[in-house]
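Take a look at the letters that make up each chain.
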Amino acid sequence: MQNEFDVVVIGGGVSGCAAFYALSEYSDIKRIAIIEKCDGLAKVSSSPKANSQTIHDGSIETNYTVEKAKKVKLSAYKVRHYALNKNLQNKIIFENQKMAIGVGEEECEFMKKRYEDFKEIFPNLEFFDKNKIKELEPRVILDSSGNDRFENVLGSGFQKDWCAMNFGLLSENFVQEAKKINPNNEVFLNFRVKKIEPRSGGYAVISQNGDEVYAKFVLVNAGSYSLPLAQSMGYGMDLGCLPVAGSFYFVPDLLRGKVYTVQNPKLPFAAVHGDPDVVIKGKTRIGPTALTMPKLERNKHWLGGISLDLFKMDLNKEVFKIAFDLFSDKEIRDYVFKNIVFELPYVGKRKFLKDAQKIIPSLRLKDLQYADGFGEVRPQVLDRTKRKLELGEKKIATNKAITFNMTPSPGATSCLQNALVDAQEIVTYLGGKFDLERFYQDLSPEELDSL
């Protein structure tokens, strides 16, 4: 049968491409295909325009618990090991200074305690007092008059770390390496999936143009589109989706490295941070904002890309109850409304300036430029049964040769860890082999003792 494969991966972002690579390099699966709806790989969430270009290892992400940081660190180091092993330094992975800062006495006390809790996980983690921060990141301390800001500022981080990454180029590299290993593997671009249906002991993946690709196992890594595809087949009916879009602002090259702030634990969205852009040199990005919208993918026009699939999923009383519970909290409600204002012409820029000045107090209105075309939708999963918002990644494993993944942040950082889990499931189902020891030798030597 034409276009018949052992495995078809739907989604050409970094998660799908990592699975494509892991199966090609470390398993005995013969024929693998990757399907992508765009005309190139990593054009949506994995594009460098769509994310903060950060390998999130838990060292400066203040919303991570110690236990989560331990897990995320291992995931992050797999990506880092891969890039360094492939000699992708200063092409795909970049060495930067990075820190998390607390501003004001309450946040400074939090940073002191956090440093003590996390230094065991990150032995090289440094603690920075206000003077040290001024030396490393003078713009964080100096106000518009050139004097030290009045608040106390404390932080922790690294003066050098391989922590910045172009996940778009990483996606392309995964596929290039996979094709070298097995030229029989295929990439199908401009293939927008209309439906997936059981066929001859496997599945037919059918495009909107009527093209068909066949697989014994289908792995869906389609970002915001994974849940609608799952529900079209009757899976994940207990879940809903809260799409949250992030926007960024450009400022001049004012930061030497990454500067993150303390996150409100009530808020499931990233706190404002500053990242020197790895693609557009001489620019620092400040953000993200967090705006809920009825879209599975961002579009430059407000009404463009409104998702009917989303309305089919979420027009039910459980989802409205979850939303009501979230909005009943004043801090969350104020945060949501503030982020709506951030998107408004004229007013939004002025409101956002106050948040951005937490990182760069000398920032002026004329320094801010809305990063048009930057940012993307992140699907936050709603559990209808538990009636709550579920943070992090979600997997729907059907045990019927099809698996669906939803990977909001830090999905890009965890791409090889997720690929490992998926590859082992796929190989077990198909009766193949996966070389876990070689995978760990190459990408996670820290875990070799666990075998």
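Look up a bit, the structure's there.
Everything in this summary refers to the structure shown in the same document. Numbers given for residues are sequential positions, taken from 1 along each chain in its written order. Whole-chain, interface and lining totals are the exception, using all residues; otherwise, since this is a predicted model, local features are given only for residues with pLDDT of at least 70 and side-chain atom pairs are given and counted only at 80 or more. Side-chain calculation: all heavy atoms of the structure are included, whereas hydrogens and water are not.

Right, let's talk about the packing of helix 2 (residues 66-85) against helix 13 (residues 436-443) for a bit. Their axes nearest at 8 Å, the elements helix 2 and helix 13 cross at an angle of 75 degrees. Taken together, helix 2 and helix 13 sit at an angle that is classed as roughly perpendicular. Facing Tyr77, Lys78, His81, Tyr82 and Asn85 of helix 2, the residues of helix 13 in contact are Phe439, Tyr440, Asp442 and Leu443. Classes in brief: Ala, Val, Leu, Ile, Met, Phe, Trp, Tyr, Cys and Pro nonpolar; Asp, Glu, Lys and Arg charged; the others, Gly included, polar. Considering only residue class, the contact of helix 2 with helix 13 consists of 5 nonpolar, 2 polar and 2 charged. Axes here mean lines fitted to C-alpha atoms, for a helix over just the part in contact, with angles spanning 0 to 180 degrees between N-to-C directions. Helix and strand assignments come from DSSP, with helices taken as H or I runs of at least 4 residues and strands as E runs of at least 2, each series counted from the N terminus. To sort the angles, those under 35 degrees are grouped as roughly parallel, those over 145 as roughly antiparallel, those from 65 to 115 as roughly perpendicular, and the leftovers as oblique. Contacts are assigned to residue pairs that have any heavy atoms within 4.5 Å of one another.

This part covers helix 13. When helix 13 is considered as a whole, its buried residues turn out to be Phe439, Tyr440 and Leu443. One face of helix 13 carries all of its buried residues, which in axial projection span an arc of 95 degrees. Each element contacted by the buried residues of helix 13 is listed here: helix 1 (14-26), helix 2 and helix 12 (415-430). Each residue gets one of three labels from its accessible area relative to the maximum for its type: buried under 20%, exposed over 50%, partly exposed in between, using a 1.4 Å probe on protein chains only. What the arc covers is the set of directions going from the helix axis to the C-beta atoms.

Inspection of the secondary structure assignment puts Ser59 in the loop between strand 2 (32-35) and helix 2. Polar contacts, as counted here, are pairs of nitrogen or oxygen atoms within 3.5 Å of one another; within protein the pair requires one atom able to donate a hydrogen and one able to accept it, and residues that are adjacent in sequence qualify only if both atoms are side-chain atoms. For Ser59, the side chain forms a polar contact with the side chain of Lys98, separated by 3.0 Å. Excluding residues within four positions of it along the chain, Ser59 makes contact with Lys98, Arg114, Phe122, Leu125 and Phe158.

Glancing now at the sheet that holds strand 13 (residues 273-276). Across the sheet, 8 strands lie side by side as 4-5-3-12-13-14-11-16; this open sheet has mixed pairing. At either end of the open sheet lies a strand with only one pairing partner, and these are strand 4 (126-128) and strand 16 (369-370). Pairing analysis gives 2 bridges linking strand 11 (residues 249-252) to strand 16, with the strands arranged antiparallel. Across the sheet, residue Tyr249 finds its bridge partner in strand 16, namely Tyr370. A pair of strands is treated as paired once DSSP finds two or more bridges between them.

One speaks of a salt bridge when a side-chain nitrogen belonging to Lys or Arg is within 4 Å of a carboxyl oxygen belonging to Asp or Glu. By the definition in use, this model includes 26 salt bridges. A salt bridge links Lys134 to Asp148; the shortest N-O distance between them is 2.9 Å. In this pair, Lys134 sits in helix 4 (residues 130-136) while Asp148 sits in the loop between helix 5 (138-141) and strand 5 (153-165), placing the two residues 14 residues apart along the sequence. Since its relative accessible area comes to 32%, Lys134 is described here as partly exposed.

Our focus in this paragraph is a nonpolar patch on the surface. Together, Leu344, Tyr346 and Val347 give the surface a local cluster of nonpolar side chains, amounting to about 310 Å² of exposed area. By secondary structure assignment, the location of Leu344 is in the loop between helix 10 (330-342) and helix 11 (347-356). Taking the relative accessible area as the measure of exposure, Leu344 reaches 43% and is therefore partly exposed. Patches here are clusters of residues that have more than 30% relative accessible area and form no salt bridge, with a 9 Å joining cutoff for like charges and a 5 Å cutoff for nonpolar side chains (Val, Leu, Ile, Met, Phe, Trp, Tyr). Values of accessible area rely on a 1.4 Å probe in the Shrake-Rupley scheme; residue burial ignores everything except the protein chains shown.

For helix 1, built from 13 residues, the straight-helix expectation of 18 Å at 1.5 Å per residue is met to within 8% by its first-to-last C-alpha distance of 18 Å. In terms of burial, helix 1 is largely enclosed, as 13 of its 13 residues are buried. Multiplying one less than the number of residues by 1.5 Å gives the expected span of a helix.

The amide bond that connects Gly287 to the next residue, Pro288, takes the cis arrangement and shows omega of 0 degrees. Relative to the assigned elements, Pro288 resides in the loop between strand 14 (283-287) and strand 15 (291-292). In this structure, Ala42 takes a positive phi of about 55 degrees despite not being glycine. Along the chain, Ala42 turns up in the loop between strand 2 and helix 2. Accessibility expressed as a relative area gives 8% for Ala42, which makes it buried. Its identity as a non-glycine residue notwithstanding, Ala401 has a phi of 70 degrees, on the positive side. Considering the arrangement of structural elements, one finds Ala401 in the loop between strand 19 (394-397) and strand 20 (402-406).

As a further point, take the nonpolar core. In terms of nonpolar packing, the biggest core is built from 79 residues, with Ile10 and Phe174 touching the most fellow members. Here this core takes 9 residues from helix 1, the largest share from any one element. What Ile10 contacts, discounting residues up to four positions off in sequence, is Ile35, Val193, Ile196, Val205, Val218, Leu219, Val220, Asn221, Ala222 and Leu229. Residues Ile286, Ala356, Ile360 and Leu368 belong to the second largest nonpolar core, which totals 24 residues. Residue types Ala, Val, Leu, Ile, Met, Phe, Trp, Tyr and Cys, when buried and joined through side-chain atoms within 4.5 Å, form a set referred to as a nonpolar core.

Turning our eyes to something else, we now look at the pairing of strand 17 (residues 377-383). Burial of strand 17 is extensive: 7 of the 7 residues sit out of reach of the surface. Because side chains alternate across strand 17, one face comprises the buried residues Val377, Pro379, Val381 and Asp383, and the other comprises Arg378, Gln380 and Leu382, equally buried. One ladder, built from 7 bridges, connects strand 10 (residues 239-245) with strand 17; its direction is antiparallel. Of the residues in strand 17, the one forming a bridge with Leu242 is Gln380.

With that settled, the discussion passes to the packing of helix 10 against helix 11. Each pair of packed helices gets described by two things: the angle between the helix axes and the distance between those axes. One can describe the packing of helix 10 onto helix 11 by two numbers: an axis separation of 7 Å at closest approach and a directional angle of 125 degrees. Put simply, helix 10 runs oblique to helix 11. Across from Lys338, Val341 and Phe342 in helix 10, the residues of helix 11 making contact are Val347, Gly348, Lys351, Phe352 and Asp355. Taken together, the residues of the contact of helix 10 with helix 11 break down into 4 nonpolar, 1 polar and 3 charged.

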